[in-house]
Amino acid sequence: MLHRVKVLVGVSGGIAAYKVVDLVSKLVRERAEVKVIMTKNACEFITPLTFSSLSKNPVYLNDFSKDGIIPHLALARWADIFVIAPATANIIGKCANGIGDDLLSTTFLAYNGPTIFVPSMNSKMYERSTTQKNLSILKSMGCTILEPDIGRLASGEVGIGRYPDNEVILNEIMRIVVYKSLLFGKRILVTAGPTREFIDPVRFITNRSSGKMGYEMAKAAYMMGGDVKLITGVTQLPISLKGIERRHVATAKEMLNAVREEIEGIDMLIMAAAVADYRPKEIKSQKIKKDEEQLILTLERTEDILKELKERKRDTQTFIGFAAETEEHIENARKKVVEKGLDYIVLNDVSKEDIGFESDENEVLLLDRRGEIIAHIPRKQKVQVAKEILEIVLERG
Ligand code: PMT
């Protein structure tokens, strides 16, 4: 996702400096070009060699070059995004007040692109009025400030000031440089994952949905600046979704009720959930004993969430459904887009093992409300498929 993006990482002297090693490694894995500036104090916590080995670039330590290049100007010109992590109270104070007395602070002075500060320090220092004032100054300059986590600090105390998860920093970098703010100010409701339809207190009927496609749709919408709510069936996903409000449901009925409650005022509904079409007619209150050779279950239809919403849908709202098909793919998707009153349907072939259910990749066709195929997104990571679906839909207005 960060192919050819030039990320300048400024490491100042805090105990969390060692955690930036993992950030640089994640950035390189996303194929970003990474250069690292370290302050003198940062070198007390970790060696420049670690960063130069990972980034495959020299680490920049001071502003004095012998070959005619002025490092702070050259680095400021080079970077697409500047991430200062960990940002100590000292570097925050210098950047907020125009002080340039080392390479990191002079580079910040010379740079006018997107900047992310990752404050990380003892909670008393973080909460100090001067630090808060300096952070407000940086915010007013257009910098992004990532709120530190609350937890156990290096001093042994518990409070605010912990360096956040590197996934959160990575997401923020991607949100700024990869995703355009196409959904800024829009409210998006996404459903994801399977539903569970109970037979008795310990058994249920479900399907193979892992939730990955829906979670990536939610993440892409959030990255594009949307105000995103996710209604999710039970999944095992570790995906980091900071900034997205999540509601957990189990059954189709619970998902319908949650969607009904959240639908008011939304601009876009994305139904990626694999909602059960049938549920046991009767749920036994006690665990069924295995006394009989055969057990016959009578199933009844669940409510169709999209059909229930069809009449209430406003012209200003965009509804995107998904079609999980194993045969007569296009005909079935065309039928669903009309019957369910959708603006778009994303068709995936769930008979293939390497796309669709559970896998990290998908390949889809996108159909419009008349059932016309408007795009083929070839097999790629679900995160990229999600981004492209939204870009195509938004481009068409
Ligand atoms: O979760 P993953 O492992 O990543 O897999 C992704 C996926 C294959 C589940 C996903 O890409 C997908 O196709 N989701 C829709 C699955 C599905 O229920 O398809 P369907 O063809 O049965 O339903 C069509 C549409 O109607 C869907 O938008 C569905 O959410 C909706 N529906 C279905 C049944 C029902 N009772 N109410 C509904 O609103």
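Residue positions are given per chain, counted from 1 along the sequence in the order it is written. Given that the model is predicted, a residue must reach a pLDDT of at least 70 before its local features are reported, and side-chain atom pairs must reach 80 or more before they are shown or counted; all residues, however, enter totals for whole chains, interfaces and linings. To get the side-chain values, take all heavy atoms of the structure and skip hydrogens and water.

Caption draft 1: The pairing of strand β4 (residues 81–87), seen in detail. Note on classification: 1.4 Å probe, protein chains only; a residue is buried when its accessible area is under 20% of the maximum for its type, exposed when over 50%, partly exposed between these limits. Numbered from the N terminus, helices here are DSSP runs of H or I no shorter than four residues, and strands are runs of E no shorter than two. Counting buried residues in β4 gives seven out of seven residues, a clear majority hidden from the surface. Paired strands are those between which DSSP finds at least two bridges. Pairing analysis gives four bridges linking strand β1 (residues 6–11) to β4, with the strands arranged parallel. Looking across to β4, one finds that V7 is bridged to I81. Pairing analysis gives four bridges linking β4 to strand β5 (residues 115–119), with the strands arranged parallel. Residue pairing across strands places A87 opposite P119, the latter belonging to β5.

Caption draft 2: Representation of the packing of helix α9 (residues 166–177) against helix α10 (residues 212–223) within the structure. Inter-axis angles, ranging from 0 to 180 degrees, are taken between N-to-C directions of lines fitted to C-alpha atoms, where helices are fitted over the stretch in contact. Across the interface, α9 lies against α10 with an axial gap of 9 Å and an inter-helix angle of 60 degrees. By the angle class used here, α9 and α10 are oblique. Together, N171, M174 and R175 of α9 and K219, Y222 and M223 of α10 make up the contact between the two elements. Residues are grouped as follows: Ala, Val, Leu, Ile, Met, Phe, Trp, Tyr, Cys and Pro are nonpolar; Asp, Glu, Lys and Arg are charged; all remaining types, including Gly, are polar. Along the lines of polarity and charge, the residues of the contact of α9 with α10 split into three nonpolar, one polar and two charged. By definition in this entry, angles of less than 35 degrees are roughly parallel, angles greater than 145 are roughly antiparallel, angles of 65 to 115 are roughly perpendicular, and the rest are oblique. We call two residues contacting when some pair of their heavy atoms lies within 4.5 Å.

Caption draft 3: Fine view of the domain arrangement of the chain. What fixes the domain bounds is an automatic or database domain assignment. Under the domain assignment used here, the chain contains domain 1 (6–177) and domain 2 (187–396). The gap between the C-alpha centroids of domain 1 and domain 2 is 39 Å. Domain 1 puts six residues into the contact, and the matching count from domain 2 is five residues. The term buried area means the drop in 1.4 Å probe accessible area that two parts suffer when joined, counted for both and summed. Summing the contributions of domain 1 and of domain 2, the shared interface buries around 570 Å²; its carbon and sulfur component is 55%. Three residues, V168, N171 and R175, lead the burial of domain 1 against domain 2; their summed loss comes to 70% of the area buried on that side. Here a salt bridge means any side-chain nitrogen of Lys or Arg lying within 4 Å of a carboxyl oxygen belonging to Asp or Glu. The interface formed by domain 1 and domain 2 includes zero salt bridges. Each polar contact in these results corresponds to two N or O atoms within 3.5 Å; when the atoms are within protein, one needs to be able to donate a hydrogen and the other to accept it, and residues that are neighboring in sequence are counted only if both atoms are side-chain atoms. Inspection of the region where domain 1 meets domain 2 yields zero residue pairs in polar contact (both at pLDDT 80 or more). Residues of the side of domain 1 that touches domain 2, tallied by class, amount to two nonpolar, one polar and three charged.

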